[in-house]
Amino acid sequence: MSPEFWLYGAVGFAAQIVDGALGMAYGVVSTTVLLANGVPPASASASVHAAKVFTGAASAISHIAHRNVDWRLLVLLAAGGVVGGVAGTYLLTSVDGDAIKPYVVAWLGLMGLVILYRAWKGVRPKPFSWKSPLPLGLVGGFFDAVGGGGWGPVVTSTLLGSGADPRKAIGTTNAAEAFVAAAVSAAFLAALVSGHWRTEGLAEHLWSVLGLIAGGVVAAPIAGWMTKVMPLRALTWVVGLVVTGLAISQAIVLFR
């Protein structure tokens, strides 16, 4: 096997541990590594979403087994995410998605601060009462497709910021992501077949994608278990720090 397979296997494992346990970061971490190695943004997003079809399914099964999923919320988030993801894929294959990134970073920063405040005050979780999570899924799916990662940071952070139970927010977000990844991958394939999108160097990174899949699938059961057993307040602190850290790091890259 290519050395790239083992390298990206390690990246996929670490990213899925974070994503499965905290509800975010697999796409952001994986896409960042691919971009750093010269993969164009659209190809990086397509690669990561192809990997997330498999890792997302494994993660969903794990969270369902550990009872971390709210089924009504799952249906609404997945429905919105599929529509938003397909729309984002069309945009990404048509124009430069970098113009949207500052808005995602600003949202991440705001949500990170809200979550950290809740952890500091020890605010107890309450049932998620937003009347329609479908628009949240729509926005999360759109940014996820355009940025190659953003479903977790947008959806999980918003759910937690509104006071949702961290375990249910994380588990449901991860389960819904499998449907979004499948829809985005299908949209990329349709764009490629129809000639709307001309891929650049995607086939050259096959081993990288396979490594991301293998590492993520192995990590998914561990991450689901971690979400179940970690103390709620500690989990909220960790999520807040991860979200805020992602916002700061991406802001540095954008504005330096």
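Note on numbering: residues in each chain are counted from 1, in written sequence order. Side-chain atom pairs in this predicted model are given and counted only at pLDDT of 80 or more, local residue features only at pLDDT of at least 70, and totals for whole chains, interfaces and linings cover all residues. In computing side-chain values, all of the structure's heavy atoms are included and hydrogens and water are not.

**Concerning the overall build of the protein**
- Each helix is a run of DSSP H or I of at least 4 residues and each strand a run of E of at least 2, with the numbering of both proceeding from the N terminus. Each helix and strand in the protein was counted, giving ten helices and zero strands.
- Scanning the protein from its N terminus toward the C terminus, one meets helices and strands in the order α-α-α-α-α-α-α-α-α-α.
- The buried label goes to any residue with under 20% of its type's maximum accessible area, the exposed label to any with over 50%, and the partly exposed label to all in between, with areas taken from a 1.4 Å probe on protein chains only. For the protein, the residues scored as buried account for 52% of the 256 residues in total.
- Of the contacts made within the protein by residues no fewer than 6 positions apart, 85% connect residues no fewer than 24 positions apart.
- To measure how exposed things are, a 1.4 Å probe is used in the Shrake-Rupley method; for residues, cover is taken only from the protein chains shown. For the protein, the exposed surface amounts to about 11300 Å²; the carbon and sulfur share of it is 72%. Whether two residues are in contact is decided by their heavy atoms, any of which lying within 4.5 Å being enough.

**Quick notes on the packing of helix α7 (residues 151–161) against helix α8 (residues 166–194)**
- To get an axis, fit a line to the C-alpha atoms, keeping to the stretch in contact for a helix; angles then go from 0 to 180 degrees between the N-to-C directions. Following both chains from N to C, one finds α7 and α8 inclined at 150°, their axes separated by 9 Å at the closest point. Relative to α8, α7 is oriented roughly antiparallel. Every pair of crossing elements has a handedness; the one defined by α7 and α8 is right-handed. Residues Trp151, Gly152, Val155, Thr156, Leu159 and Leu160 of α7 form the contact with α8, whose own contacting residues are Pro166, Ala169, Ile170, Thr173, Ala176, Glu177 and Val180.
- Residue classes follow a fixed rule: Ala, Val, Leu, Ile, Met, Phe, Trp, Tyr, Cys and Pro count as nonpolar, while Asp, Glu, Lys and Arg count as charged, and any other residue, Gly among them, counts as polar. Taken together, the residues of the contact of α7 with α8 break down into nine nonpolar, three polar and one charged. Here is the rule for angles: anything less than 35 degrees is roughly parallel, anything more than 145 is roughly antiparallel, 65 through 115 is roughly perpendicular, and the remaining ranges are oblique. Should the near helix be turned anticlockwise from the far one by less than a right angle, the crossing is termed left-handed; should it be turned clockwise, right-handed.

**Focus: the pattern of salt bridges**
- The term salt bridge refers to a pairing of a side-chain nitrogen on Lys or Arg with a carboxyl oxygen on Asp or Glu at a separation within 4 Å. Scanning the model with the defined rule gives two salt bridges in all.
- Between Lys52 and Asp144 there is a salt bridge whose closest N-O contact spans 3.1 Å. In this pair, Lys52 is assigned in helix α3 (residues 41–65) and Asp144 in helix α6 (residues 134–147), connecting sequence segments 92 residues apart.
- Assessed through its relative accessible area of 1%, Lys52 is described here as buried.

**A word on unusual backbone geometry**
- Positive phi is not limited to glycine here, since Arg67 has a value of about 60°.
- On the basis of relative accessibility, which here comes to 72%, the residue Arg67 falls in the exposed class.

**Let's talk about the UniProt feature "transmembrane region" (unreviewed entry) in the protein**
- Per the UniProt annotation, the sites labelled "transmembrane region" (unreviewed entry) are residues 6–29, 73–92, 104–120, 132–155, 175–194, 206–226 and 232–255.
- Within residues 73–92, the helical portion is 100% and the strand portion 0%, while the C-alpha atoms at the span's ends are 27 Å from each other.
- The span residues 175–194 is 100% helix and 0% strand, and its two end C-alpha atoms sit 30 Å from each other. UniProt positions are given in the numbering used here, feature names are shortened, and annotations may be inferred rather than shown by experiment.

**Notes on the packing of aromatic side chains**
- Centres within 6.5 Å are what make two rings of Phe, Tyr or Trp a pair, Trp counting through its six-membered ring; a difference in plane orientation under 30 degrees is then read as stacked, over 60 as edge-to-face, and the rest as tilted. One pass over the structure, following the stated rule, counts four aromatic pairs.
- For the ring pair Phe5 and Trp6, a centre distance of 5.1 Å and an interplane angle of 90° mean the geometry is edge-to-face.
- By relative accessible area, Phe5 is classed as buried at 12%.
- What links up through ring pairs into an aromatic cluster is the set Phe5, Trp6 and Trp207.

**Quick notes on the packing of helix α1 (residues 3–22) against helix α9 (residues 206–229)**
- Two elements in contact, α1 and α9, have axes separated by 6 Å at closest approach and are oriented at 30°. Of the possible angle classes, the one that applies to α1 and α9 is roughly parallel. Regarding α1 and α9, the two cross each other, and that crossing is right-handed.
- Residue composition of the contact of α1 with α9, by class: 16 nonpolar, nine polar and one charged.

**Brief notes about the environment of Val28**
- Looking at the element boundaries, Val28 is found in helix α2 (residues 26–36).
- Judged by relative accessible area, Val28 falls into the buried class, the value being 11%.
- Considered as a pair, Val28 and Leu246 are 218 residues apart in the sequence and their alpha carbons are 8.6 Å apart.
- Beyond its immediate chain neighbours, meaning those up to four positions away, Val28 contacts Gly148, Gly149, Gly150, Pro153, Leu246 and Gln250.

**Some remarks on the nonpolar core**
- Counting residues in each nonpolar core, the largest one holds 38 residues, and the members touching the most others are Leu77, Leu136, Trp151, Val155, Leu159, Ala176 and Val239.
- Elements with a minimum of two residues in this core: α1, α3, α4 (71–92), α5 (101–121), α6, α7, α8 and α10 (232–255).
- When residues of this core are assigned to their parent elements, the largest contribution, seven residues, is made by α8.
- Nonpolar cores were defined as sets of buried Ala, Val, Leu, Ile, Met, Phe, Trp, Tyr and Cys residues, with membership established by side-chain atoms within 4.5 Å. The next biggest cluster of nonpolar side chains, apart from the first, holds twelve residues, and it includes Tyr8, Ala44, Val48 and Ile213.

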